[in-house]
Amino acid sequence: MLHFLINRLMLLVPVFFGVTLVAFGFIRVLPGDPVEVLAGERGVSPEKHAEILAQLGFDKPLWQQYFSYLGDILQGDLGVSIITNRPVIEEFFELFPATVELATCAIIFALIIGIPAGIIAATKRGTWVDQGIMGLSLTGYSMPIFWWGLLLIILFSNTLGWTPVSGRLSFIFEVDHVTGFMLIDTLLSDEQGSFWSALHHLILPSVVLGTIPLAVIARQTRSAMLEVLSEDYVRTARAKGLSPFRVIAIHALRNALITVVTVIGLQVALLLAGAILTETIFGWPGIGKWIIFSVFSRDYYAVQGGLLLIAVCVMIVNLIVDLLYGFINPRILQQRNKT
Amino acid sequence: MKKTLLIASLGLGLALSGVAQAKTLVFCSEGSPEGFNPALYSAGTTFDASSQTIYNRLVQFETGTTKVIPGLAESWSASADGLEYTFNLRKGVKFHTTEDFTPTRDFNADDILFTYNRMWKEDHPYHDVGGEYLYFGWMDMGSLLKSIDKIDDYTVKFTLTKPESPFVSNLAMDFASVLSAEYGDNLAAAGRKADIDHKPVGTGPFVLKSYKKDSMIRYIAHDDYWDGRSNIDKLVFAITTDNSVRYQKLKAGECHVMPYPNPADLAAMESDPDINLMRQEGLNVGYLAFNTEKPPFDQKIVRQALSMAIDKQAILDVVFEGAGSIAKNPIPPTMWSYNDDVVDYPYDPAKAKAMLDLAGVSGLKTNIWAMPVQRPYNPNARRMAELIQADWAKVGVEAEIVTFEWGEYLKRSRDGEHDTMLLGWTGDNGDPDNFMFVLLGCEAAASGGNRARWCNKPFDYLLRQAKQKTDQAERTELYEMAQVIFKEEAPWVTIAHSIVFKPVRKEVIGFKVHPLGSHIFYDGVDLK
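Quick notes on the rules
Within any chain, residue numbers begin from 1 and follow the written order of that chain's sequence. Here the convention is simple: chains get letters from A, ligands get numbers from 1, in the order in which they are written. The predicted origin of the model limits local features to residues at a pLDDT of at least 70 and limits the giving and counting of side-chain atom pairs to 80 or more, whereas totals for whole chains, interfaces and linings rest on all residues. The helix count covers DSSP runs of H or I at least four residues long, the strand count covers runs of E at least two residues long, and both are numbered beginning at the N terminus. Here the globule rule reads 2.2 Å times residues to the power 0.38, and the radius of gyration is calculated from C-alpha atoms. Here a residue counts as buried when 20 or more other C-beta atoms fall within 10 Å of its C-beta, as exposed when 12 or fewer do, and as partly exposed in between; the C-beta atoms come from the backbone. For every residue pair, C-beta atoms are placed from the backbone, and the pair is scored as a contact if these atoms sit within 7 Å. Linking buried Ala, Val, Leu, Ile, Met, Phe, Trp, Tyr and Cys residues through C-beta atoms within 7 Å yields a set, and such a set is a nonpolar core. The pairing criterion is simple: DSSP has to find at least two bridges between the two strands. Think of each axis as a best-fit line through the C-alpha atoms, taken over the contacting stretch in the case of a helix, with angles from 0 to 180 degrees between the N-to-C directions. Note on angle classes: values under 35 degrees are labelled roughly parallel, values over 145 roughly antiparallel, values of 65 to 115 roughly perpendicular, and the remainder oblique. Throughout, a crossing is termed right-handed when the near helix is turned clockwise from the far one, and left-handed when it is turned anticlockwise from it by less than a right angle. In the scheme used here, Gly and all other residues not listed as nonpolar or charged are polar, with Ala, Val, Leu, Ile, Met, Phe, Trp, Tyr, Cys and Pro taken as nonpolar and Asp, Glu, Lys and Arg as charged. Per residue, pLDDT measures the predictor's confidence, with a range of 0 to 100.

Engineer: Whenever I open this one, the overall build of chain B confuses me. Can you help?
Structural biologist: Summing up its helical and strand segments, chain B has 19 helices and 19 strands in all. Expected size for 528 residues packed as a compact globule is a radius of gyration near 24 Å; at 25 Å, chain B falls within 12% of this value. Each principal axis of the C-alpha atoms in chain B carries an extent, and together these give about 75 × 70 × 40 Å. Out of the 528 residues belonging to chain B, those deemed buried represent 50%. Considering only intrachain contacts with a sequence separation of at least 6, the fraction spanning at least 24 residues in chain B is 71%.

Okay, structure coming up:
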């Protein structure tokens, strides 16, 4: 196991350097620079323009900029935002908990509904129940997030008045920033009712962000279950006279879950991408919105730092998923140990 | 679940009614401020959150107009040669008391010197803290100032290098917000200079209480405010970037005022009994500039003909969806010295064609540059360019639409690579000089800010004369004449001034739409 872990970690090193190069290159490939964008219609004289670029270190050759950036990263310094003059790492971690909280709730929502829906569809294969679930999941998968979010706001917030329109917490509560996770911070605070308000604010964004993963998980669970259900050992289990529930929940599901866990791992990257839109609609103060703003204002340090940190998160999640395989199916671990 | 939600909503309702006694106004702002020192930044979002709440300036714009009125200076006078301005400062003005700072003295001349010298003098201990002083540079204050002297604790004299009558208006701009020198000294002693821009202390009507990026800004009323305590006890900026969502929040009563509505929502807002849809002509102009250095646009008659070939009303209907007015002058009608006697070119394709023939122009192939971004003065440049392209095709001119990334667009157009281009301007200080000299003067033609690259000596002479006069009536006359020359010469097709809409809930009283775009929650703003 340890050997496997070290192997995996070693593999991440070239990936990490690749990511730094992509993050560094991406923002520089875009035309325009932060000084021009900031000055807008007012303009900036060529001398002043050159002076500011030199101050920011953008006058040096690209390779030199890259290596000095790499050197800074290895020392844990991601630079200072050109727009706000604050350290990028500080800005990122101020907003990151909000995105993690939202993504976690979204994936929980997707799992709670998606896995049972997939199982039911598989066991009722070919019936109207199966077709109904798969039809709905295809609709969910094709749903444009922006439109879906607005639709839910109009229905649940304005017509029915059940949920707040946007934000993380009602303005009447003043909760101290302890962990950055609103559900935890509100529990720690003595503001009565703030936890409910935070939970209330999480419902719609989680549903919107969780819709596509839900559809994917339901479809994957269904197909994995169908495959497993046709295996010999399931037939044997049935022949032994085990209850259908035991056959499905204990014997089939565990094996089907391997595919599902892989899918969840892949969904993390998609969740972060979806978070950009979801956060914009729901006024959610997370990193998605921050990255978009940084790209538009050509805030080089914020974009490259933000992309790098997000990539590291995705790498870590995928590593965890790899490790989880072993727990779900010990045979995989044994095979790995052999190789 | 339903029961839980019901209890939660009940709790929320009870809490809201409790807060109603401490008057809380919620503004659904459109984004996060870049920081809390308006001298370092350029976005209106930042100014709303800093200069208009936390700070004051020596002189200020009267809410709802561009008239300059006393602020931290009770009065001021200019010398006859227009080179010296003396300001008499207000006494008894208190700075905010915050967690980090308790002022021991009232505002005085030292604070003015601290504020301006920080932006101006490179050897000032705070000059290198924070970043670039954008507007100070853009308004060319560095080369305009000769000296700033403290005459006594409550008198300050500014000496200029040349007469510049818009100078006082410049001092009313957001960047000129006055900081506390005492706070600066304390922070320097504690080795925390950078805090001056992040933990702001001002003299303004509201004190910053907390800020969570992309989420919320909270203020409380400044109890000792020199112009009387605000009617609003707590001011909250609920940051909501999407304009449709802002509207949903306004409808649901989650905020009281919202900026920049989606034009598609205006009709619904108008008919909503809970919303008062306020409007005002924006202090802006959207135009098409001819590159007068390139033939055939160096000929006046060609420019006039192409101006006549454009159906501005159609642009107004399609691009502005009615939320604008046709522009005939380079300055908006709400600005003093606007010359209403100027007659615009009528839409007359037949005459335009005849004039082009007269100029010997046939089969002209050209380009129209369209901005890639949405601006108040041009909500959809691509669409506007298409309409102009179609209009010009009718008079035999074939135009190709060109666009670039925004930074690139500005840079290339400043270098004069375009034939004709769309752009616009939003006023900074309510002075006609800020439109005409910056956008159409000979100096701007050389530096590129004048996209028409048009340098007309008589026009430029009038603008320079107007800069030197301090009497507004005299200046008005000069600008009125300049507008006549401008129309005759037609370096631009003036297209439209936008109308700014501000949806406000009915329970808000006393709110005024400000022509310079700021959102002001003081000065008579209250909740029913």
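Engineer: Teacher, can you tell me more about the overall build of chain A here?
Structural biologist: Tallying secondary structure elements over chain A gives 14 helices and 0 strands in all. Taken from N to C terminus, the helices and strands of chain A fall in the order α-α-α-α-α-α-α-α-α-α-α-α-α-α. Burial statistics for chain A: of 339 residues in total, 38% are counted as buried. Taking the contacts inside chain A whose residues are at least 6 apart along the sequence as the reference set, 72% of them involve residues at least 24 apart.

Engineer: Can you help me understand the nonpolar core in this one?
Structural biologist: General note: in soluble globular proteins, nonpolar side chains tend to be found buried as a group. If you look at the biggest cluster of nonpolar residues, it comprises 140 residues, and the most contacted ones within it are L288, L422 and M436 of chain B. At 6 residues, the largest contribution of residues to this core is made by helix 16 (residues 433-440) of chain B. If sequence neighbours within four positions are ignored, L422 of chain B has contacts with L288, W369, A370, M371, N378, A381, M384 and A385 of chain B. I83, V247, L271 and I281 of chain A belong to the second-largest nonpolar core, a separate cluster that totals 65 residues.

Engineer: Looking at this structure, I do not really get the sheet that holds strand 1 (residues 24-27) of chain B. What am I missing?
Structural biologist: The strands making up a sheet associate through hydrogen bonds between their backbones, and the pairing can be parallel or antiparallel. Residues and elements named next belong to chain B. Spatially, 1-10-9-8 is the arrangement adopted by the 4 strands of the open sheet, whose pairing is mixed. In this open sheet, the two strands that pair with only one neighbour each are strand 1 and strand 8 (206-212). Here the strands of the sheet are splayed against their neighbours by 20° on average, with no regard to which way each runs. Alignment of strand 8 against strand 9 (residues 216-221), held across 6 bridges, turns out to be antiparallel. Residue pairing for strand 9: L208 is matched across the bridge by Y219.

Engineer: What is the right way to look at unusual backbone geometry in this model?
Structural biologist: Residue and element names in this part refer to chain B. Of the consecutive residues P295 and P296, the connecting peptide bond is found in the cis state with omega at 0°. Inspection of the secondary structure puts P296 in the loop between strand 12 (284-290) and helix 11 (300-308). Notably, D140 is not glycine yet its phi reads approximately 60°, a positive angle. In this structure, D140 sits in the loop between helix 4 (134-138) and helix 5 (141-144). Residue classification places D140 among the exposed positions, given that 12 C-beta atoms sit within 10 Å.

Engineer: For this particular structure, what's the right way to read the packing of helix 1 (residues 2-29) of chain A against helix 13 (residues 300-328) of chain A?
Structural biologist: Describing two packed helices takes the angle between their axes plus the distance from one axis to the other. Residue and element names in this part refer to chain A. Packing of helix 1 against helix 13 leaves a shortest axis separation of 9 Å and a crossing angle of 155°. In terms of their interaxial angle, helix 1 and helix 13 are classed as roughly antiparallel. When you trace helix 1 past helix 13, the crossing you get is right-handed. The segment helix 1 lies against helix 13, with R8, L12, V15, V19, T20, A23, F24, F26 and I27 engaging Y300, V303, Q304, L307, L308, A311, M315, L319 and D322. Tallied by class, the residues present in the contact of helix 1 with helix 13 amount to 14 nonpolar, 2 polar and 2 charged.

Engineer: How should I be thinking about the environment of K209 of chain B in this particular structure?
Structural biologist: Residues and elements named next belong to chain B. Structurally, K209 is set in strand 8. The sequence separation of K209 and E99 amounts to 110 residues, and the corresponding C-alpha distance is 9.2 Å. The contact partners of K209, leaving out residues within four places of it in the chain, are R218, Y219 and I220.

Engineer: Can you walk me through the interface of chain A and chain B in this structure?
Structural biologist: Note on interface size: it is often stated as the accessible area lost on association of the parts. Listed per partner, the contact involves 43 residues of chain A and 46 residues of chain B. If you list the elements that add at least two residues to the side of chain A that touches chain B, you get helix 2 (34-39), helix 5 (88-123), helix 7 (145-159), helix 9 (194-229), helix 11 (244-281) and helix 12 (287-296) of chain A. For the side of chain A that touches chain B, the leading source of residues is helix 7 of chain A, giving 5 residues. Counted by class, the side of chain A that touches chain B contains 19 nonpolar, 16 polar and 8 charged residues.

Engineer: What exactly am I supposed to notice about the sheet that holds strand 5 (residues 84-89) of chain B here?
Structural biologist: All names here are of chain B. Spatially, 4-5-7-6 is the arrangement adopted by the 4 strands of the open sheet, whose pairing is antiparallel. Every other strand in the sheet has two partners, leaving strand 4 (73-78) and strand 6 (145-152) as the edge strands with one partner each. Shown here is a sheet whose adjacent strand axes are inclined to one another by a mean of 20°, direction ignored. Both strand 4 and strand 5 contribute to a ladder of 5 bridges, which runs antiparallel. What sits directly across from A73, in strand 5, is L89. Running at roughly 165° to strand 6, helix 3 (residues 109-120) makes contact with strand 5, strand 6 and strand 7 (155-160) of the sheet.

Engineer: Even after reading the chapter, I still don't get the packing of helix 5 of chain A against helix 12 of chain A, so can you show me in this structure?
Structural biologist: Residues and elements named next belong to chain A. For the pair helix 5 and helix 12, the least separation of the axes is 8 Å and the interaxial angle reads 135°. Judged on the interaxial angle alone, helix 12 and helix 5 are oblique. Here E91, F92, L95, F96 and T99 of helix 5 come into contact with helix 12, specifically with I287, G288 and W290. In terms of residue class, the contact of helix 5 with helix 12 is made up of 5 nonpolar, 2 polar and 1 charged.

Engineer: Got a minute to help me understand the confidence of the model for chain B in this structure?
Structural biologist: For residues with low pLDDT, the predicted coordinates do not support detailed interpretation. Residue and element names in this part refer to chain B. For chain B, per-residue confidence averages 91 on the pLDDT scale, and residues scoring 70 or more make up 96% of the total. Here residues 1-20 is modelled with pLDDT under 50, and outside its nearest four sequence neighbours on either side it reaches 12 contacts, counting other chains as well. Across the predicted assembly, pTM comes out at 0.82 and ipTM at 0.74.

Engineer: Got a minute to help me understand helix 11 of chain B in this structure?
Structural biologist: Since there are 3.6 residues in each turn of an α-helix, residues three or four apart along the chain are aligned in direction. Residues and elements named next belong to chain B. Burial runs high along helix 11: 7 of the 9 residues are buried. When we look at burial in helix 11, the residues that qualify are V302, R303, Q304, A305, L306, S307 and M308. In this structure, the buried residues of helix 11 make contact with strand 12, helix 13 (349-358), helix 14 (381-394) and strand 17 (492-505).

Engineer: How should helix 16 of chain B be read in this particular structure?
Structural biologist: All names here are of chain B. Burial runs high along helix 16: 8 of the 8 residues are buried. Within the span of helix 16, buried status applies to D433, N434, F435, M436, F437, V438, L439 and L440. Each element contacted by the buried residues of helix 16 is listed here: strand 12, strand 16 (420-426), helix 17 (442-447), helix 18 (457-468) and helix 19 (472-489).

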